[in-house]
Amino acid sequence: MNPYILAILLFGLGLGTTITFASSHWLLAWMGLEMNTLAIIPLMAQHHHPRAVEATTKYFLTQATAAAMLLFASVTNAWLSGQWDIQQMTHPLPTTIITLALALKIGLAPVHAWLPEVLQGLDLTVGLILSTWQKLAPFALILQINPTNSTILIILGLTSTLIGGWGGLNQTQLRKILAYSSIAHLGWMILVLQFSPSLTLLTLLTYFVMTFSTFLVFKLNKATTINTLATSWTKAPLLTSLTPLILLSLGGLPPLTGFMPKWLILQELAKQDLALTATVAALSALLSLYFYLRLSYAMTLTMSPNNLSGTTPWRLSSTQLTLPLAISTTMAICLLPLTPAATALLAP
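The structure presented is a predicted model; accordingly, all values stated were derived computationally and were not measured.

(A) Region of interest: the overall build of the protein. The helix and strand tally for the protein stands at 18 helices and 0 strands. For a compact globule of 348 residues, the expected C-alpha radius of gyration is about 20 Å, and the protein comes in at 20 Å, within 12% of that figure. Across its three principal axes, the protein shows a C-alpha extent of roughly 70 × 50 × 35 Å. Taking the intrachain contacts of the protein between residues at least 6 apart in sequence as the baseline, contacts between residues at least 24 apart amount to 79%. Distance from the positive charge centre (13 side chains) to the negative charge centre (7 side chains) of the protein: 16 Å.

See below:
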């Protein structure tokens, strides 16, 4: 892709998100979300592969539907209450519709079905943007409207953690596994949103760090299925020995970074007398942990067949920058000791 066009598209992505961040009016927030969608579509379809074009079409249709729902709900809100302000959502009907529209935008269960399909058709770099940056603007809106209907948030959160765990069990494609991992993590964030918005933000940031690291590892190994991961041992032995730690951090095992948000969320849910919810969420994390362990096993404990035709592509060195990977891997593994600092910052 032409670097000038790429720069304009990335600028459009950044501008769309910034407009949504800065807006207090529903129309402006809607415009930012639309700019975001329209900027990423050429990036998704840049390879002109039928699978990429199909994924782009699916993405465009779901995002357009969500944006139409959002616009409809904000107009309904203006009609019922006479104001367009995001933080003045008083009527339960538009609030619920907007919550569902934003859930569709970020891919929460039960409106998640587009996410694995879309991610599977994309290049790993664009997939990374979709899994991280594209979640920011809708999340900013969810945090601002502070949905009053707690039942719908808990149902969305629990179904997402369960479906994110179950859906990934049977997958062999890495991008689909990462999509289900994304659904499960978003479920955890939505669960705790109404009790501690700052904790949701912390979870989102740690999820970004771990996903960034995982995508970069797969990109360096040019891996898209579990079987191709088994060949990474000969390409980058040190990185291959560190990758299971990143994956287990995504799964939320101590003493890795990913344990911190899960621990704090379970603690918060227990404080709010939601012991059953916390138990179901913790058990659903085991489902996710299973497929992360499966990836770790495929990477480090299986040796791929070493025939001559198989060894040639392994020796080609990657041109990818390794500094972002080094920084994000360190952060994905080592940040748990900073939990007291994080909780002090989160305290109201």
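(B) Quick peek at the packing of aromatic side chains. The full count for this structure, using the stated rule, is 4 aromatic pairs. Centroid distance Y207 to F208: 6.0 Å. Interplanar angle 50 degrees. Geometry classified as tilted. Taken individually, Y207 and F208 each receive the classification buried, so the pair is uniform in this respect. Here K262 stacks its cationic end above the ring of W188, 5.2 Å away from the centre of that ring.

(C) Region of the structure containing the environment of L201. The topology assignment puts L201 in helix α10 (residues 197-220). L201 gets classed as partly exposed once you look at its relative accessible area, which sits at 42%. For the pair L201 and L346, spaced 145 residues apart in sequence, the C-alpha separation works out to 9.5 Å.

(D) Representation of the domain arrangement of the protein within the structure. On domain assignment, one finds that the protein holds domain 1 (1-126) and domain 2 (149-306 + 321-347). On a C-alpha basis, the centroid separation for the pair domain 1 and domain 2 is 24 Å. Regarding the contact of domain 1 and domain 2, the summed buried area is about 1,800 Å², with carbon and sulfur atoms giving 75% of it. On the domain 1 side of the contact with domain 2, L108, Q120 and L124 bury the most area, a combined 36% of that side's loss. Taken together, the links from domain 1 to domain 2 amount to 1 salt bridge. The salt bridge partner of K176 is E117, with a shortest N-O separation of 3.4 Å. Where domain 1 packs against domain 2, one counts 6 residue pairs in polar contact (both at pLDDT 80 or more). Those elements that provide at least two residues to the side of domain 1 that touches domain 2 are α4 (92-106), α5 (114-120) and α6 (124-131). Across the side of domain 1 that touches domain 2, the residue classes tally to 11 nonpolar, 6 polar and 1 charged.

(E) Structural detail: α4. The end-to-end C-alpha separation of α4 is 21 Å, in line with the 21 Å expected for 15 residues at 1.5 Å each. The buried fraction of α4 amounts to 11 of the 15 residues, a majority that puts the element mostly inside the structure. In this structure, the buried residues of α4 make contact with α2 (26-44), α3 (50-81), α5, α7 (136-145), α8 (150-169) and α9 (174-192). Two residues or fewer past α4, G107 is found with a positive phi of approximately 90 degrees.

(F) Focus on the nonpolar core. Residues I40, M44, Y59, V118, L130, F218 and L295 are the most contacted members of the largest nonpolar core, which totals 54 residues. Two domains each donate at least three residues to this core, and these are domain 1 (1-126) and domain 2 (149-306 + 321-347). When near neighbours in sequence (up to four residues on either side) are disregarded, V118 contacts M44, A55, K58, Y59 and L130.

(G) Expanded view of the environment of L276. Along the chain, L276 turns up in helix α15 (residues 275-300). Residues L276 and A22 lie 254 residues apart in sequence; the distance between their C-alpha atoms is 37 Å.

(H) Region of the structure containing the side chain of Q63. Its place among the elements puts Q63 in helix α3. Beyond its immediate sequence surroundings of up to four residues, Q63 is in contact with T37, L104, K105 and W114.

(I) How the structure looks around the UniProt feature "transmembrane region" (unreviewed entry) in the protein. Those places that UniProt annotates as "transmembrane region" (unreviewed entry) correspond, in this numbering, to residues 60-80, 92-115, 151-170, 177-195, 201-221, 233-254, 274-293 and 325-347. A distance of 29 Å separates the end C-alpha atoms of residues 177-195, which is 84% helix and 0% strand.

(J) Molecular detail of the pattern of salt bridges. In the structure shown here, the tally under the stated rule is 5 salt bridges. Salt-bridge contacts for E117 lead to R51; the nearest nitrogen and oxygen are separated by 3.7 Å. Here E117 is found in helix α5, whereas its partner R51 is found in helix α3, with 66 residues between them in sequence. Measuring nitrogen to oxygen at the nearest pair gives 2.7 Å for the salt bridge that ties E54 to K58. In this pair, E54 and K58 both sit in helix α3, 4 residues apart, roughly one turn of the helix. The exposure class assigned to E54 is partly exposed, which follows from its relative accessible area of 36%. Salt bridges linked by common partners bring R51, E54, K58, E117 and K176 together as one network.

Reading guide: rules and limits
Residues numbered from 1 in each chain as written. Predicted model: local features only at pLDDT ≥ 70, side-chain atom pairs only at ≥ 80, totals over all residues. Heavy atoms only, no water. Helix = DSSP H or I, 4+ residues; strand = E, 2+ residues; numbered from the N terminus. Rg over C-alpha atoms; globule rule 2.2 N^0.38 Å. Contact = heavy atoms within 4.5 Å. Lys, Arg positive; Asp, Glu negative; His and termini not counted. Charge placed at Lys NZ, Arg CZ, Asp CG, Glu CD. Phe/Tyr/Trp six-rings, centres within 6.5 Å; stacked < 30°, edge-to-face > 60°. Buried < 20%, exposed > 50% of the residue type's maximum accessible area, 1.4 Å probe, protein only. Lys NZ or Arg CZ within 6 Å of the ring centre and 35° of its normal. Domains from an automatic or database assignment. Buried area = accessible area lost by both parts, 1.4 Å probe. Salt bridge = Lys/Arg side-chain N within 4 Å of Asp/Glu carboxyl O. Polar contact = N/O pair within 3.5 Å; in protein donor to acceptor, adjacent residues only side chain to side chain. Nonpolar A, V, L, I, M, F, W, Y, C, P; charged D, E, K, R; others polar. Expected span 1.5 Å × (residues − 1). Core = buried A, V, L, I, M, F, W, Y, C linked by side-chain atoms within 4.5 Å. UniProt positions renumbered as here; feature names shortened; annotations may be inferred.

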